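A look at the structure
Residues per chain, in single letters:
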Number of protein chains: 2
Amino acid sequence: MDSTSTQTKIDDITPAEWELMRIVWTKGSVYSRELISLMQQKRDWSDSTIKTLLRRLVQKGLLNTEKEDRKFKYTAAVEEIKAMDVTARQLFDHLCAMKRGQTLVNLIDHLELSQSDIESLQAVLTEKKKTAPETVKCDCLPEGMDETCDCN
Amino acid sequence: MDSTSTQTKIDDITPAEWELMRIVWTKGSVYSRELISLMQQKRDWSDSTIKTLLRRLVQKGLLNTEKEDRKFKYTAAVEEIKAMDVTARQLFDHLCAMKRGQTLVNLIDHLELSQSDIESLQAVLTEKKKTAPETVKCDCLPEGMDETCDCN
DNA sequence: ACTCAACGTTTACATTTGTCAACTCAAAAA
DNA sequence: TTTTTGAGTTGACAAATGTAAACGTTGAGT
């Protein structure tokens, strides 16, 4: 992956970068100055730090810049929902397949969701239930070694 | 945080470390040899690499060791579900509060869940719906700046 | 025309993470 | 007893990440 590559590394957003991306996604497009001041109201980061993060985000293909006067206007190069989906899936890939459901239950129990979020979730679950398997096997051990799994 | 600290860094499990932890959690307790051979059936990592990861996991307080003969028996120092929960919450903390529901919908749609997982999810949702707010506000911008939010 | 403030660019540096090779020791085998 | 081998320990190193100072350029104000 050379520096000329404009490959989007959507699956590689660091925590610090998420914070900036959220602002960009929410505002649609922002100038660095605005970004910096908004960011500094949430985190105690220096201007420099933020500029560096911005530069890296552009390199990673997550932000686009448009020169306007002397300054740059930043806009997201990837959809917020897309980034969220990729990241969430990535995380769940690390979890034992057998325990993903429980993790979701705990997560949902902990999150604040709106009435309509809940309705959408119920809808997708109803649909999913029609073809859901009776059980999902643990996939923590190498292929063909499932018998050894002590999963409770 | 000095090296003598045995503080459990449960919120700081790297991808490579997850792979090892999964094996430990699934098997309950394992000797490094077994761990290494199981791991090598999934990843092309050298013995050394795995030993290093193991060492770091012990340092982080995620694995416990028990000397038996010359070798160590490794056991998880934290519960799998606990680690999963913490990690999942951490991830969702990075996402716009307003779009967490949609992300969950997409995630659930993509995961393979068992009948009972789905039932548990439906149960928790039914319960949650009773007190769920009508809407959840975007929390991407600094406090008191919500009005500026362009969230769709 | 001169100076300063605002922006972007370069450098820098400590940590963390992914990956290993080399080394030490004692148990096991020859 | 000498050798081999399996386990754990050290040292290394590059890339990624968090953080930030210093520097260069140019438009705006004096």
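Everything below is about the structure shown above.
Quick caveat, the model's predicted, so the values are computed rather than measured.

1. Some remarks on the pairing of strand E3 (residues 71–76) of chain A
Residues and elements named next belong to chain A. In the sheet, strand E1 (residues 29–31) pairs with E3 via 3 bridges, with the strands oriented antiparallel. By the bridge assignment for E3, valine 30 is matched with tyrosine 74. Here 6 bridges tie strand E2 (residues 63–68) to E3, and the two strands are oriented antiparallel to one another. Its bridge partner lying in E3, asparagine 64 is registered against threonine 75. A loop of 2 residues connects E2 with E3, the two strands running antiparallel in sequence, and aspartate 69 in this loop sits at a positive phi of about 65°.

2. With respect to the relation of the copies chain A and chain B
With an RMSD of 0.0 Å, chain A superimposes on chain B once it is rotated by 180° and translated 0.0 Å along the axis. The two molecules are tied by a two-fold rotation axis, judged by turn and shift. Considering only C-alpha atoms, the part of chain A nearest the rotation axis is A:Gln122, at 3.3 Å. With an isologous cut-off of 70% or more, the 100% of interface residues of chain A that recur at the interface of chain B puts this contact in the isologous class.

3. Considering the packing of aromatic side chains
This model, assessed by the stated rule, comprises 4 aromatic pairs over all chains. The interplanar angle of 55° and the centroid separation of 5.6 Å between the aromatic rings of B:Trp18 and B:Trp25 together place this pair among those described as tilted. Considering the side-chain rings of B:Phe72 and B:Tyr74, the 6.4 Å spacing of their centres and the 75° angle between planes classify their relative orientation as edge-to-face. Sitting over the face of the ring of A:Tyr31, A:Lys71 holds its NZ or CZ atom 4.9 Å from the ring centroid.

Thresholds applied
Residues numbered from 1 in each chain as written. Chains lettered and ligands numbered in written order. Predicted model: local features only at pLDDT ≥ 70, side-chain atom pairs only at ≥ 80, totals over all residues. Heavy atoms only, no water. Pairing = 2+ DSSP bridges. Helix = DSSP H or I, 4+ residues; strand = E, 2+ residues; numbered from the N terminus. Least-squares fit on C-alpha atoms with pLDDT ≥ 70 in both. Contact = heavy atoms within 4.5 Å. Phe/Tyr/Trp six-rings, centres within 6.5 Å; stacked < 30°, edge-to-face > 60°. Lys NZ or Arg CZ within 6 Å of the ring centre and 35° of its normal.

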